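Single-letter residue listing:
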Amino acid sequence: MAAADAGLPERAQALAERAVRLVEEPRSIARLAELRARIAFERGSVHTAHDILLSGADRVAELDPAAAGLMLVDAGRNAWQLSDPRRVEEAAARLRRLRLRPEDGLDAAVDAVEAAAVSLNAGPAGALPAMRPLARDARGIERGSYGLRINGAFVAGLVGEFETQRQISVALVEECRTLGMTGLLPIAYVTLAGAELYLGRFRSAAADAAEGLRIATDTGQPHRTGYLEGILAWIAAVEGDEDRCAGLAVRCADHFAATGIANGLAWSEWALAALDLSLGRHTRALDRLEAALAGPVRHQIQAVYFAPDQIEAAVRAGLPDRAKEPLERLAEWADVARLDWADAVLARCRALLEPDDEIFSAALRPHGRPLERARAELGYGEWLRRERRRRDARPHLRAALETFQRLGAGPWARRAAAELRAAGEATAAPAASDRLAALSPQELQIVRLAVTGLTNREIGARLFVSPKTVSHHLYRAFPKLGVSSRVELARLGPDLDPDAAT
């Protein structure tokens, strides 16, 4: 276990295989099975990991139902990511047969696995009520219980509670860094970067995904690598970096071909469609998303989250009939989710199909997802300008432009600027890139730690790099930030939260 936590999967696997031949005590056999499954999953052998977990749970079910339950919960999560309803149902059925007690603390996790089976067979809306408690329970765990907390963060993303997902993940990353648990850091960064992406904290998401990708590559975790590349591809799409988006999306899809994890394929297809949409290739974006839904991506939560892109692509391509199905998909989920951001995004989609002041106003309610709100401002401003209400249009277009520029969403900013000019307002030249935008992801990570007062050695220990590497990155970052020493860096204080304004 120590070798796996330290990011040494090959050594951990060799030790576990030796131990299997020596250990006879059921609880030890179960712990070894859990470890072997974790290593198999992280290295891309997802079906093998599932089978190991089921077998291990059987061995310990009578003696330690709680240990068996944890293994079956992990098996259910893994099968979800394969978009494999049969395997999820199998895990759920075995959980029901266990003699679990309330004091085992697994009730919410068991409900979430059963809900995952419902989601894969009948759609995600019906799974929401049963999944939520696991995310909220995990938020209350301060230390340890890594499996439950990781599952809780994962489920928080499935139910649209992104701030909860971020809170759990921040604590996990900090704890893993402090304890030197390199092997668990990539999955913690997966859930953290995903939450930050949905919350519009793109610079933080890119920095954390890049750090997770570096560690996943170093520790031989191809599944985590593919997922993190998908997040980075999506961010590149929003920024309009076509070459980077395409390259990352291809690698992400290659990981799906090797592991069968549908999450990676969902990110790949969504990133490429988001790029097409931002660059005005609406029919191409629509075709791509519809094709993705014909495969395992239809079972993943991204199928709900990219429905607004599918709707907008259909409307802008002049094919509103093709917006009907994704609108129904989004509306069904939003009606059960009862989240401010989901209601606002649904209102924006309805306003694109049937423009109306009241519906657009509902789309502009504050909800913590700045990119989505800016897209509502843009859509409202465009409609007002077409209605010859140019004076009314300008404040909305101006707000959209400012947010897009702050987020680094270049193609969207250019479109908002063009609309603002058409509405009769000369737009200023785009502001020079802010200082933080000039930093590389690793420079940003190091600067954020340096401003807290940590030494180069302490920062290196947190990020698993040498003090010399830390010094090199600070030397490169100082002129970009307009400072020449750590004293000046400390004075920047809150300005070093790259997404504070979003």
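As the structure is a computational prediction, the values presented were derived from the model and not from experiment.

Conventions we followed
- Residues numbered from 1 in each chain as written.
- Predicted model: local features only at pLDDT ≥ 70, side-chain atom pairs only at ≥ 80, totals over all residues.
- Heavy atoms only, no water.
- Helix = DSSP H or I, 4+ residues; strand = E, 2+ residues; numbered from the N terminus.
- Buried < 20%, exposed > 50% of the residue type's maximum accessible area, 1.4 Å probe, protein only.
- Areas by Shrake-Rupley, 256 points an atom, 1.4 Å probe, with all protein chains shown as cover.
- Axes fitted to C-alpha atoms, helices over the stretch in contact; angles between N-to-C directions.
- Parallel < 35°, antiparallel > 145°, perpendicular 65-115°, else oblique.
- Left-handed = near helix turned anticlockwise from the far one by under 90°.
- Contact = heavy atoms within 4.5 Å.
- Core = buried A, V, L, I, M, F, W, Y, C linked by side-chain atoms within 4.5 Å.
- Salt bridge = Lys/Arg side-chain N within 4 Å of Asp/Glu carboxyl O.
- Phe/Tyr/Trp six-rings, centres within 6.5 Å; stacked < 30°, edge-to-face > 60°.
- Expected span 1.5 Å × (residues − 1).
- Arc of directions from axis to C-beta.
- Nonpolar A, V, L, I, M, F, W, Y, C, P; charged D, E, K, R; others polar.

## Side note on the overall build of the protein
Right, so step 1: When you go through the protein residue by residue, the secondary structure sums to 28 helices and zero strands.
Right, so step 2: Of all 502 residues assigned to the protein, the portion counted as buried reaches 57%.
Right, so step 3: Carbon and sulfur atoms form 50% of the exposed surface of the protein, whose accessible area is close to 20,600 Å².

## What about the packing of helix H16 (residues 282-292) against helix H18 (residues 307-316)?
Right, so step 1: One way to put it is that H16 packs onto H18 with a least axis distance of 8 Å and a crossing angle of 140°. One way to sum up the angle between H16 and H18 is to call them oblique. With respect to the hand of their crossing, H16 and H18 are arranged in left-handed fashion. Touching His282, Ala285, Leu286, Leu289 and Glu290 of H16 are Asp309, Gln310, Ala313, Ala314 and Arg316, all from H18.

## Topic: the environment of Ser440
Right, so step 1: When you line up the elements, Ser440 lands in the loop between helix H24 (410-422) and helix H25 (441-450).
Right, so step 2: Here Ser440 falls in the partly exposed class, since its relative accessible area comes to 25%.
Right, so step 3: The spacing of Ser440 and His473 is 33 residues in sequence and 9.1 Å in space, taken between C-alpha atoms.

## Quick look at the nonpolar core
Right, so step 1: Counting 148 residues, the largest nonpolar core has Met131, Trp234, Trp267, Tyr305, Trp333 and Phe404 as its most contacted members.
Right, so step 2: Leaving out residues up to four positions away in the same chain, Trp267 has contacts with Leu197, Tyr198, Tyr227, Gly230, Ile231, Trp234, Cys252 and Gln302.
Right, so step 3: Formed by 18 residues, the second largest nonpolar core is a distinct cluster that contains Val447, Ile459, Phe478 and Val483.

## Re the pattern of salt bridges
Right, so step 1: Scanning the entire structure with this criterion turns up 38 salt bridges.
Right, so step 2: Glu382 is paired through a salt bridge with Arg316; the nearest N and O atoms lie 2.7 Å apart. Of the two residues, Glu382 sits in helix H22 (residues 370-386) while Arg316 sits in helix H18, which places them 66 residues apart along the sequence.
Right, so step 3: The shortest N-O distance in the salt bridge between Arg373 and Glu377 comes to 3.4 Å. Of this pair, Arg373 and Glu377 both sit in helix H22, four residues apart, which is roughly one turn of that helix.
Right, so step 4: Note on Arg373: relative accessible area 29%, which makes it partly exposed.
Right, so step 5: Where salt bridges share partners, they join Glu242, Glu269, Asp276, Arg281, Arg284 and Arg288 into one cluster.

## Brief notes about the packing of aromatic side chains
Right, so step 1: Taken as a whole and assessed by the stated rule, the structure comprises 18 aromatic pairs.
Right, so step 2: Centroid distance Tyr198 to Trp267: 6.0 Å. Interplanar angle 35°. Geometry classified as tilted. With a gap of 69 residues between them, Tyr198 in helix H11 (residues 185-198) and Trp267 in helix H15 (residues 262-278) connect regions that are remote in the sequence. Just as Tyr198 is buried, Trp267 falls in that class too.
Right, so step 3: The structure contains a cluster of three or more aromatic residues connected by ring pairs, namely Phe162, Tyr198, Phe202, Tyr227, Trp234, Trp267, Trp270, Tyr305, Phe306, Trp333 and Trp341.

## Quick word on helix H8 (residues 128-139)
Right, so step 1: Taking 1.5 Å per residue, 12 residues should reach 16 Å; H8 reaches 17 Å between its end C-alpha atoms and fits that length.
Right, so step 2: Leu128, Met131, Arg132, Leu134, Ala135 and Ala138 are the residues of H8 that are buried. In a view along the axis of H8, the buried residues occupy a sector of 165°, so they form one face of it.
Right, so step 3: Those residues of H8 that are buried are in contact with helix H7 (107-122), helix H9 (146-158), helix H10 (162-179) and helix H19 (324-337).

## Regarding the environment of Ala363
Right, so step 1: Considering the arrangement of structural elements, one finds Ala363 in helix H21 (residues 357-363).
Right, so step 2: With relative accessibility at 1%, the residue Ala363 sits in the buried group.
Right, so step 3: Residues Ala363 and Leu346, 17 residues apart in the sequence, show an inter-C-alpha distance of 7.5 Å.
Right, so step 4: Excluding anything up to four places from it in sequence, Ala363 contacts Ala344, Ala347, Arg348 and Ala376.

## Some thoughts on the environment of Gly280
Right, so step 1: By secondary structure assignment, the location of Gly280 is in the loop between H15 and H16.
Right, so step 2: The exposure class assigned to Gly280 is partly exposed, which follows from its relative accessible area of 39%.
Right, so step 3: Residues Gly280 and Ala313, 33 residues apart in the sequence, show an inter-C-alpha distance of 8.7 Å.

## Some thoughts on the packing of helix H6 (residues 85-97) against H7
Right, so step 1: Contact geometry for H6 and H7: axes closest at 9 Å, N-to-C directions at 150°. Taken together, the axis directions place H6 and H7 in an arrangement best described as roughly antiparallel. Crossing of H6 over H7 shows left-handed handedness. Residues Pro85, Val88, Glu89, Ala91, Ala92, Leu95 and Arg96 of H6 form the contact with H7, whose own contacting residues are Val110, Val113, Glu114, Ala116, Ala117, Leu120 and Asn121.
Right, so step 2: Across the contact of H6 with H7, the residue classes break down as 10 nonpolar, one polar and three charged.

## Some thoughts on unusual backbone geometry
Right, so step 1: A positive phi angle is found at Ser83, which is not glycine, with a value near 55°.
Right, so step 2: By the element assignment, Ser83 lies in the loop between helix H5 (65-81) and H6.

## Details of helix H23 (residues 390-407)
Right, so step 1: With 18 residues, H23 should cover 26 Å at 1.5 Å per step; its first-to-last C-alpha distance of 25 Å lies within 8% of that length.
Right, so step 2: Taken together, the buried positions of H23 are Ala393, His396, Leu397, Ala400, Leu401, Thr403, Phe404 and Leu407.
Right, so step 3: Along its buried surface, H23 packs onto helix H12 (202-218), H22 and H24.
Right, so step 4: Phi turns positive, to about 75°, at Gly408, one or two residues after H23.

## Comments concerning the side chain of His299
Right, so step 1: Along the chain, His299 turns up in the loop between H16 and helix H17 (302-305).
Right, so step 2: Setting aside its immediate chain neighbours within four residues, His299 contacts Trp80, Ser83 and Leu120.

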